[in-house]
Amino acid sequence: MEAALEAARAPGADVPIGAVVFGPDGAPLAAARNARVELGDPTAHAEILALRAAAAVVGDGWRLEGCTLAVTLEPCTMCAGALVLARIARLVFGAWEPKTGAVGSLWDVVRDRRLNHRPEVHGGVLESQCAAVLETYFAIRR
């Protein structure tokens, strides 16, 4: 989660959410920060960008089996669906997101028994530190 926090704190114009994909051996494969504003892309969430970059590093297509995704905020429905489709083995996230969270807060996409893949989930990891990054960002803008 420390690496995801570092990605979230990197300079950028968007909401500071960071994500890192770790390989089965624990080595980081890819890190990203939200970049919707910079890229003009509504899908440029940190998780999506990190998954895309990790898939390119792994190089055998879209499967990230055995990998762990760490992200500073509970994923939305798009990101939760993407990590399931990528076959991420473990999801670790920091702050809960009661408005749009899709890993237990509002929905629980990743644990839906109708899906053919369900990752192991660990929420609330370094929750206060992850929430503080977002609180600081929004306090400055209000």
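Residues numbered from 1 in each chain as written. Predicted model: local features only at pLDDT ≥ 70, side-chain atom pairs only at ≥ 80, totals over all residues. Heavy atoms only, no water.

The chain is annotated in an unreviewed UniProt entry as tRNA-specific adenosine deaminase of Amycolatopsis bullii. Listed under Subunit (unreviewed entry) in UniProt, the entry text for the chain is "Homodimer." As recorded by UniProt, the Catalytic activity (unreviewed entry) comment attached to the chain reads in full: "adenosine(34) in tRNA + H2O + H(+) = inosine(34) in tRNA + NH4(+)". (UniProt positions renumbered as here; feature names shortened; annotations may be inferred.)

Per the counting criterion, the structure on display carries two aromatic pairs. With 5.0 Å between their ring centres and 80 degrees between their planes, Tyr137 and Phe138 make a pair best called edge-to-face. Take Phe138: its relative accessible area is 30%, and that puts it in the partly exposed class. (Phe/Tyr/Trp six-rings, centres within 6.5 Å; stacked < 30°, edge-to-face > 60°. Buried < 20%, exposed > 50% of the residue type's maximum accessible area, 1.4 Å probe, protein only.)

Even without being a glycine, Arg87 presents a positive backbone phi close to 65 degrees. Along the chain, Arg87 falls in the loop between α4 (77–85) and β4 (90–95). At Leu126, a residue that is not glycine, the phi angle is positive and equals roughly 50 degrees. Overall, the relative accessible area of 27% leaves Leu126 in the partly exposed class. (Helix = DSSP H or I, 4+ residues; strand = E, 2+ residues; numbered from the N terminus.)

This brings us to the packing of helix α1 (residues 2–9) against helix α5 (residues 127–141). Taken N-terminus to C-terminus, the directions of α1 and α5 make an angle of 5 degrees; their axes are 11 Å apart at the nearest point. Taken as axis vectors, α1 and α5 run roughly parallel relative to one another. On α5, the residues that touch Leu5, Ala8 and Arg9 of α1 are Gln129, Cys130 and Val133. In terms of residue class, the contact of α1 with α5 is made up of four nonpolar, one polar and one charged. (Axes fitted to C-alpha atoms, helices over the stretch in contact; angles between N-to-C directions. Parallel < 35°, antiparallel > 145°, perpendicular 65-115°, else oblique. Contact = heavy atoms within 4.5 Å. Nonpolar A, V, L, I, M, F, W, Y, C, P; charged D, E, K, R; others polar.)

What follows deals with the nonpolar core. Counting residues in each nonpolar core, the largest one holds 44 residues, and the members touching the most others are Val21, Leu64, Leu83, Ile88 and Leu91. Of all the secondary structure elements, the ones that give two or more residues to this core are α1, β1 (18–22), β2 (28–33), α3 (46–58), β3 (68–73), α4, β4 and α5. The element that contributes the greatest number of residues to this core is α3, accounting for six residues. Leave out the neighbours within four places in its chain, and Val21 touches Ala27, Pro28, Leu29, Ala30, Ala50, Leu51, Ala54, Cys67, Thr68, Leu69 and Ile88. (Core = buried A, V, L, I, M, F, W, Y, C linked by side-chain atoms within 4.5 Å.)

The five strands lie next to each other as β2-β1-β3-β4-β5, forming an open sheet whose pairing is mixed. The open sheet has two edge strands, β2 and β5 (120–122), and neither has a second partner. Averaged over all neighbouring strand pairs, the angle between strand axes comes to 15 degrees, with direction disregarded. Two elements, β1 and β2, share five bridges in a ladder whose sense is antiparallel. Its bridge partner lying in β2, Gly18 is registered against Arg33. (Pairing = 2+ DSSP bridges.)

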